[in-house]
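Residue-level structural notes
Listed below, chain by chain, are the residues.
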Amino acid sequence: MLFYCNHLNPLQRRSGTRFGTFLILTMLTFVAARTVGEHALVSKQVLRLIELLPAIPVGAMIFVVGRYLKQETDEFVRMLVTQSLLWGLGVTMIGDIVFGVVFEDFSSHGLSQIYNIDVFCITALAALWIQLRRAQ
Amino acid sequence: MKNRLRVLRAERGWSQADLADRLEVSRQSVNAIETGRFDPSLPLAFKLARLFGAPIEQIFSDEAQSGI
């Protein structure tokens, strides 16, 4: 979608902006939770609560995508977006398993969640871009 | 599924973008339908039929059936 900004309808533009905003919020909350955790600025209970914060923007991102798919009237574009999301999900899950085996302590450092979101978004956007290019 | 979309569109002198505007879909959708990479839903097929003033079966044909 980002690569076809001139052709975006208001729904796509609005959804893209909201998705991007929640993505940035997710990153910020992850970084904030890690920083607070590393410097032991708060008690363990409060830290657990702070570590749960990224779940809120992640949930909001899913909600934005869900609502976009529900409101998108162009069934072909809807199909492309759905396929791209599946690519993102597939690559993320497979990557997670592979990295989990190759780097045993990968997930124990709390890095996997933030990379999962990165990999998911990059793969889904790349898949969408490729599919839109092929549909030209 | 085969279709005569490209022919019907050309008869009217419409570009893919013109048809996409009339159908309220993206130009990529029209291209995908024309090239047979995407089969439209029934509501979109009816919309096409209304737009071209022809029954659906004159626009779309089942390849399996036409091959018999």
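Residues numbered from 1 in each chain as written. Chains lettered and ligands numbered in written order. Predicted model: local features only at pLDDT ≥ 70, side-chain atom pairs only at ≥ 80, totals over all residues.

1. Some thoughts on the overall build of chain A
What counts here: Numbering goes from the N terminus for both helices and strands, where a helix is a DSSP run of H or I of at least four residues and a strand is a run of E of at least two. Field definition: a residue is buried when 20 or more other C-beta atoms are found within 10 Å of its C-beta, exposed when 12 or fewer are, and partly exposed for counts in between, with C-beta atoms placed from the backbone. What counts as a contact here is a pair of residues whose C-beta atoms, placed from the backbone, lie within 7 Å.
Looking only at helices and strands, chain A has five helices and zero strands in total. From first element to last, N terminus to C terminus, chain A shows the α and β order α-α-α-α-α. Within chain A, the fraction of its 136 residues that count as buried is 19%. Taking the intrachain contacts of chain A between residues at least 6 apart in sequence as the baseline, contacts between residues at least 24 apart amount to 70%.

2. As for the nonpolar core
Nonpolar side chains in soluble globular proteins tend to end up buried together. This is how it is decided: For the purposes of this analysis, a nonpolar core is taken to be any set of buried Ala, Val, Leu, Ile, Met, Phe, Trp, Tyr and Cys residues that are connected through C-beta atoms within 7 Å.
Counting residues in hydrophobic clusters, the biggest one holds 19 residues, and the most contacted among them are Phe-76, Leu-80 and Leu-128 of chain A together with Ile-33 of chain B. Examining the composition of this core, we find that five residues originate from one element, helix 5 (residues 111-134) of chain A, more than from any other. Beyond its immediate stretch of four places on either side in the chain, Ile-33 of chain B contacts Asn-3, Leu-5, Phe-38 and Pro-40 of chain B.

3. Things to note about helix 3 (residues 55-71) of chain A
Along an α-helix, residues three or four apart share an orientation, since each turn contains 3.6 residues. All names here are of chain A. Note the cut-off: A helix is expected to reach a length of 1.5 Å times the quantity of its residues less one. What the arc measures is the spread of directions leading from the helix axis to the C-beta atoms.
Taking 1.5 Å of rise per residue, 17 residues should cover 24 Å, and helix 3 covers 24 Å from first to last C-alpha, within 8% of that figure. Residues Pro-57, Met-61 and Val-64 constitute the buried set of helix 3. For helix 3, the angular spread of the buried residues around the axis is 60°, confining them to a single face. Within helix 3, the exposed residues directed more than 90 degrees away from the buried face are Ala-55, Gly-59, Ile-62, Gly-66 and Lys-70. Lining the buried residues of helix 3 we find helix 1 (10-38).

4. Looking at the environment of Leu-42 of chain B
As for its position among the elements, Leu-42 of chain B is in helix 4 (residues 42-52). Placed 14 residues apart in sequence, Leu-42 of chain B and Ile-56 of chain B show a C-alpha to C-alpha distance of 9.4 Å.

5. Here we look at the interface of chain A and chain B
As a reminder, the rule being used: For this scheme, ten residues count as nonpolar: Ala, Val, Leu, Ile, Met, Phe, Trp, Tyr, Cys and Pro. Four count as charged, namely Asp, Glu, Lys and Arg, and the remainder, Gly too, count as polar.
Opposite the eight residues of chain A that make contact, chain B presents 10 residues. Of all the elements, helix 4 (residues 75-102) of chain A adds the most residues to the side of chain A that touches chain B, at three residues. Taken together, the residues of the side of chain A that touches chain B break down into four nonpolar, two polar and two charged.

6. Thoughts on the packing of helix 2 (residues 16-23) of chain B against helix 3 (residues 27-34) of chain B
All names here are of chain B. To keep it simple, the criterion reads: Whenever a helix is involved, its axis is fitted only over the stretch in contact; in every case the axis is a line through C-alpha atoms, and angles between N-to-C directions fall within 0 to 180 degrees. Here is the rule for angles: anything less than 35 degrees is roughly parallel, anything more than 145 is roughly antiparallel, 65 through 115 is roughly perpendicular, and the remaining ranges are oblique.
Axis separation between helix 2 and helix 3 bottoms out at 8 Å; the angle between their running directions is 110°. Relative to helix 3, the element helix 2 lies roughly perpendicular. Where helix 2 abuts helix 3, its residues Gln-16, Ala-17, Leu-19 and Ala-20 lie against Arg-27, Ser-29, Val-30 and Asn-31. Of the residues in the contact of helix 2 with helix 3, the class split is four nonpolar, three polar and one charged.

7. A closer look at the environment of Gly-36 of chain B
All names here are of chain B. Within the secondary structure, Gly-36 is located in the loop between helix 3 and helix 4. For Gly-36, a count of 12 C-beta atoms within 10 Å puts it in the exposed group. With 35 residues separating them in the primary sequence, Gly-36 and Met-1 have C-alpha atoms 6.7 Å apart. Apart from residues lying up to four places away in sequence, Gly-36 is in contact with Met-1 and Lys-2.

8. Focus: the domain arrangement of chain A
All names here are of chain A. Counted only if it meets this: Where each domain begins and ends is defined by an automated method or by a domain database.
Entries for chain A in the domain assignment read domain 1 (8-69) and domain 2 (74-136). Each of domain 1 and domain 2 has a C-alpha centre, and these two points are 17 Å apart. If you look at the interface, domain 1 gives six residues, while domain 2 gives eight residues. Elements that contribute at least two residues to the side of domain 1 that touches domain 2 include exactly helix 1 and helix 3. For the side of domain 1 that touches domain 2, the element with the highest residue contribution is helix 1, accounting for four residues. Per-class residue counts for the side of domain 1 that touches domain 2 are four nonpolar, one polar and one charged.

9. Some thoughts on the confidence of the model for chain A
We apply this condition: Values of pLDDT, which run from 0 to 100, indicate the predictor's confidence residue by residue.
Chain-level statistics for chain A give a pLDDT mean of 85 and a share of 90% at 70 or above. Across chain A, element-level confidence peaks in helix 3 of chain A with a mean pLDDT of 94 and bottoms out in helix 5 of chain A with 85.

10. Some words on helix 1 of chain A
Residues and elements named next belong to chain A. For helix 1, built from 29 residues, the straight-helix expectation of 42 Å at 1.5 Å per residue is met to within 8% by its first-to-last C-alpha distance of 42 Å. Restricting attention to buried positions, one finds in helix 1 the residues Gln-12, Ser-15, Phe-22, Thr-26, Thr-29, Phe-30 and Ala-33. Just downstream of helix 1 lies Ala-40, where phi reads positive at about 45°.

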